[in-house]
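What the coordinates show
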Amino acid sequence: MGIMTRLYHRSGGLTENPYKYFFMDMGENIHIHYRDLRIELSVPEFLEFAEAFERCAPAVKNKIGQGYMDGVLPNTNESNTLTTIALDAPLKHPVKYNANRVSIEENLDGYHIHFRNYKLLFDKRSFDNILQAMNDVVERRGSQRSLDEVLHLIGYNDLEYRLIETNRNASPNTALVEIENKYLGKIKQMFKALTFTSAEDAGVHIFKGSDMEIRVRIGSNKNSGAAISIPAAPFVLLADYLTAMKSAITPKEINLLRLQVLDAFGMVRSGENPYINLDFRSFLLDRANQRVIFQNSTSRYNGDSNQDYAKFSNFLHNIGLFFVKPLKTLFDEQECDTINATFNKYILENVATHPCVNKIYLLGSSTKNNLGKYEVPFIHFDWAKLASDFDILLEIDESHPIPEHWEKKFFTDYSGSYYYHLGDVPHQVASPYTAQYSHIKYFNHLIEAYLFFPSNCNAEVKDKYLSGIKAELIYEKGALPPQKKKRKIG
């Protein structure tokens, strides 16, 4: 319901909220606990809070009884879609405890951020995500907004819109946007908060800011899903194109476009071309040739390439184009047998031999034996798969170290384990793209592993995951290997 004037960071990197309780406790003062939030109150503050809640709650319940449902009314800040239920006067009692203090702490139960009399509780993964968000604020605060950032703000403020046309080559940059009439009041509030001047000409609302002019016209945008229309031009912004085409783009096309982006990041990291601008919002698309055009800077790139790639990945997440598998041509039975034999040999010689490995499970996605080659490389995060991967889960003996060359990626809630890359099955898969885009890490048959550490992983979650996907135990320390059955293709 507020008016956002800048989005510094947005991601889905937090864990599922493990704090599921509402309760109150009374010790040195009164605490209200709601999920991962704690509010610290004096007796007068609590009594005022309780009285205010008791006065407001019946009115809210009455509206619910009249048919109110959350998620139905549009976020317009208009009186017909917003009912404010509040007391007329401000709170009488000031914050008593730590009214001017900020404290960030590591504790036995996780990480705490104290702000005045509020405390937020985080686990490590969620706290790391908060740190990344704060780094983004430090990096971007004070920098000038671009035309694209302002256009994206319209969507971030829950205002459905269509981008009709843009001109980024003129000064000022210009754009024409179409919205429904119900959003006009809030979009005016947004531009006022941005300190844009406003005018109206022949029914078109004109907002002028620093080196940009955005015109807003009223149209019908029902059931558009906040779609963006791209101009009929040979070169368009890649982000605009992907947003507009997200429902029609083919798996082959999106992976080839991502392949070009990933290769550009590789060129910068290798030093072959350190002048590429890695801000994905600057990437252009040659629509006729499906070629991504990267703009060069006059100075060497000195940013954080991991952060810039994460921003591109988050953008793809938000429009539903992050995990899109290309079509796959299945190998024949003979080649499947060869690949499986190579995989089993690799596991026994390169994984099972490590003392830290107690058990190895082959996961359900790999036991189906639908091995094949992707029509184009499958881009996942910042690596490329040429053909089917193998998924395993290892139960770890923590009295022994894990190999340094095993690449830890992240924790997965669904398996209760940590996701790693253990290597590549040595079965060569030919692809013309490996030479064309040579600054990318390619895998023939990636070995993706979930490592379960008993000391800090959840055995119940792990066991449920293994049972649900019908995992197959293929190695156990000190036990004879199980007899392998010939698997069918399909």
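Everything here concerns the structure above.
Residues numbered from 1 in each chain as written. Predicted model: local features only at pLDDT ≥ 70, side-chain atom pairs only at ≥ 80, totals over all residues. Heavy atoms only, no water.

Things to note about the nonpolar core
Within the largest apolar cluster, 80 residues are counted, with the highest numbers of intra-cluster contacts made by L242, I360, I392, L394, W406, L422 and L451. In terms of residue count, helix α6 (residues 251-270) provides more of this core than any other element does, nine residues in total. Leave out the neighbours within four places in its chain, and L242 touches I249, I254, L257, F315, L316, I319 and L321. Listed in part, the 22 residues of the second largest apolar core include L147, L159, F207 and I214. (Core = buried A, V, L, I, M, F, W, Y, C linked by side-chain atoms within 4.5 Å. Buried < 20%, exposed > 50% of the residue type's maximum accessible area, 1.4 Å probe, protein only. Helix = DSSP H or I, 4+ residues; strand = E, 2+ residues; numbered from the N terminus. Contact = heavy atoms within 4.5 Å.)

Here we look at the environment of L371
Tracing the backbone through its elements, the reader meets L371 in the loop between α9 (364-367) and β17 (372-380). By relative accessible area, L371 is classed as buried at 4%. Once the C-alpha coordinates of L371 and D389 are considered, the two residues, 18 residues apart in sequence, prove to be 8.1 Å apart. Every residue in contact with L371, bar those within four places of it in the chain, is listed here: L330, F331, C336, I339, N340, S388 and F390.

Re helix α5 (residues 238-245)
Of all eight residues in α5, six are buried, a share of seventy percent or more. On its buried face, α5 sits against β7 (161-167), β12 (235-237), α6, β13 (284-286), β14 (291-293) and α7 (305-318).

Considering the sheet that holds strand β11 (residues 212-218)
The sheet built from five strands is open, its strands ordered β7-β8-β11-β10-β9 with mixed pairing. In this open sheet, the two strands that pair with only one neighbour each are β7 and β9 (197-201). Strand-to-strand twist in this sheet, taken as the mean axis angle between neighbours without regard to direction, amounts to 20 degrees. As defined by bridge partners, β9 adjoins strand β10 (residues 204-209) across five bridges and the pair is classed as antiparallel. Bridge pairing in β10 places S198 opposite F207. (Pairing = 2+ DSSP bridges. Axes fitted to C-alpha atoms, helices over the stretch in contact; angles between N-to-C directions.)

All quantities given are derived from atomic positions and should not be read as evidence of function.
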